[in-house]
Amino acid sequence: MPDAQMTPLEAKSPFELRVDLGKGVPETDVRSALRTGDMGFLHSFTTGSAVDGPGIRVVAWTTGCMWRCRYCHNPDTWTLSNGQPVAVARAAEEVRKYGHGLKVMKGGFTLSGGEPLMQHRFAAKLVGAVHAMGIHTVIETNGYNGEHLTDAELDGIDLVMLGIKTWDPERHRQLTGMDLGHTLAFAERLAARRRPIWVRFVLVPGLTDDMADIAGIARFAAKLGNVERVEVLPFHQMGRFKWERLGLAYTLAATEPPTTELCEQACEVFRREGLKAF
Ligand code: SF4
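Since the model is a prediction, treat every value here as computed from it, not as a measurement. (Residues numbered from 1 in each chain as written. Predicted model: local features only at pLDDT ≥ 70, side-chain atom pairs only at ≥ 80, totals over all residues. Heavy atoms only, no water.)

**Q** Would you mind showing me how to read the packing of aromatic side chains here?
**A** Aromatic ring pairs: the centre-centre distance and the angle between the two ring planes describe each pair. Scanning all chains against the criterion turns up six aromatic pairs. For the ring pair Trp67 and Tyr144, a centre distance of 6.0 Å and an interplane angle of 80° mean the geometry is edge-to-face. One end of the pair, Trp67, is in the loop between strand E2 (57-62) and strand E3 (84-87); the other, Tyr144, is in the loop between strand E5 (136-141) and helix H5 (151-155), and 77 residues separate them in sequence. Its relative accessible area of 1% is what places Trp67 among the buried residues. A centroid spacing of 5.5 Å and a plane angle of 40° characterise the contact between Trp167 and Phe220, whose relative ring orientation is tilted. Here Phe220 lies in helix H8 (residues 211-224) and Trp167 lies in the loop between strand E6 (159-163) and helix H6 (169-176), a separation of 53 residues in the sequence. Owing to a relative accessible area of 11%, Phe220 belongs among the buried residues under this scheme. (Phe/Tyr/Trp six-rings, centres within 6.5 Å; stacked < 30°, edge-to-face > 60°. Helix = DSSP H or I, 4+ residues; strand = E, 2+ residues; numbered from the N terminus. Buried < 20%, exposed > 50% of the residue type's maximum accessible area, 1.4 Å probe, protein only.)

**Q** Teacher, can you tell me more about the pairing of E2 here?
**A** Regular strands have side chains that alternate between both faces of the sheet. Counting buried positions along E2 yields six of six residues, so the element is predominantly enclosed. Neither face of E2 is exposed, since Arg57, Val59 and Trp61 on one face and Val58, Ala60 and Thr62 on the opposite face are all buried. As judged from the five bridges shared by E2 and strand E4 (residues 108-112), these two strands associate in the parallel manner. Directly across from Ala60, in E4, lies its bridge partner Leu111. (Pairing = 2+ DSSP bridges.)

**Q** How do you make sense of the sheet that holds E6 when you look at a structure like this?
**A** For sheets, the rule is that strands pair by backbone hydrogen bonds, running either parallel or antiparallel. The strand order across the open sheet formed by eight strands is E3-E1-E2-E4-E5-E6-E7-E8, and the pairing between neighbours is mixed. Since the sheet does not close on itself, it has two edges, and those belong to E3 and strand E8 (227-234), each with one partner. Neighbour-to-neighbour, the strand axes of this sheet turn through a mean angle of 30°, independent of strand direction. In this structure, E6 lies alongside strand E7 (residues 197-203), joined through four bridges in parallel fashion. From the neighbouring strand, Val160 faces E7, where its bridge partner is Ile197. Across the face of the sheet, helix H2 (residues 88-96) comes into contact with strand E1 (39-49), E3 and E4 while running at roughly 80° to E3. The sheet contacts of helix H4 (residues 120-132) involve E1, E3, E4 and E5, and relative to E4 the element is tilted by about 175°. (Axes fitted to C-alpha atoms, helices over the stretch in contact; angles between N-to-C directions. Contact = heavy atoms within 4.5 Å.)

**Q** Can you help me understand helix H7 (residues 181-192) in this one?
**A** Three- or four-residue spacings in an α-helix give side chains the same orientation, since the helix completes a turn every 3.6 residues. Across its twelve residues, H7 extends 17 Å between first and last C-alpha, which sits within 8% of the 16 Å expected from 1.5 Å per residue. Buried within H7 are the following residues: Thr183, Leu184, Phe186, Ala187, Leu190 and Ala191. Each buried residue of H7 lies within a common arc of 160° when the element is viewed along its axis, so the set occupies one face. Buried-residue contacts for H7 involve E5, H5, E6, E7 and H8. Directly beyond the C-terminal end of H7, a positive phi value near 55° is found at Arg194. (Expected span 1.5 Å × (residues − 1). Arc of directions from axis to C-beta.)

**Q** Can you walk me through the pattern of salt bridges in this structure?
**A** If the charged atoms of two oppositely charged side chains come close together, the side chains can form a pair. Overall, the coordinates contain 19 salt bridges when judged by the stated rule. The salt bridge partner of Glu170 is Arg173, with a shortest N-O separation of 3.1 Å. Taken together, the positions of Glu170 and Arg173, both in helix H6 and three residues apart, correspond to about one turn of that helix. We classify Glu170 as partly exposed; its relative accessible area is 40%. Take Arg173: its relative accessible area is 37%, and that puts it in the partly exposed class. For Arg271, the salt bridge goes to Glu264, with nearest N and O atoms at 2.6 Å. Via salt bridges that share partners, Glu140, Arg200, Arg229 and Glu231 belong to a single interconnected network. (Salt bridge = Lys/Arg side-chain N within 4 Å of Asp/Glu carboxyl O.)

Function cannot be inferred from these measures alone, as they are strictly geometric.
Printed below as a string of structure tokens:
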């Protein structure tokens, strides 16, 4: 399968709308890429991120996600073929270019998406190669496909940023289209292997702001023993234009971002369980 060269791998931000970059790739090649991980589908690379893990980071944004979160701000990453095919060696070299600076700035490399573990063979190979360079590695994931990573592969991930969307199983299905159980099972497996987690929780007024529900996540996270911090992420409308341009039905057009007070209230729920929350 050819390594796409047409669209620059680097984007100013993941909010750049990208579609159909891998559309011409034959189905057999897609299947082979998913099976071997020698090739992955990427929306883009961005550099200089200060919000995707510790320090300053290079981030690779994968395409493909089986969830359909109603507040997703990058729905163009749902479809694998919206990304461009990139050889794992090329992706690793892209990170290596920044290796020295990333180490100096106590940052590293983050694999995000979309859902990076949709392409778990590619994710494991790329993160493993970067880890072997001595660069700090992070995966931002919903945890759904975590069961496909071996214990050795987990040990090559320095930090997992795990999205927990809501605590109530039925609300979780309505919000994401998927079951919550896989995410929790992955968190427990990481805890058993003492791999650090940062929990990410998106606070959406009217959707995920039930404090009793948040308390359920907080109790679960506190019991794990490996959660270093919780990030309460305020809902925003920056991805709305993508839903509209892609012709998708966006249900949160009238939803306002949470107030500072509401964010602080949610943080307090986590802090009451002894967790650091920001
Ligand atoms: S898991 Fe992430 S990428 Fe997938 S739909 Fe939800 S917010 Fe979007």
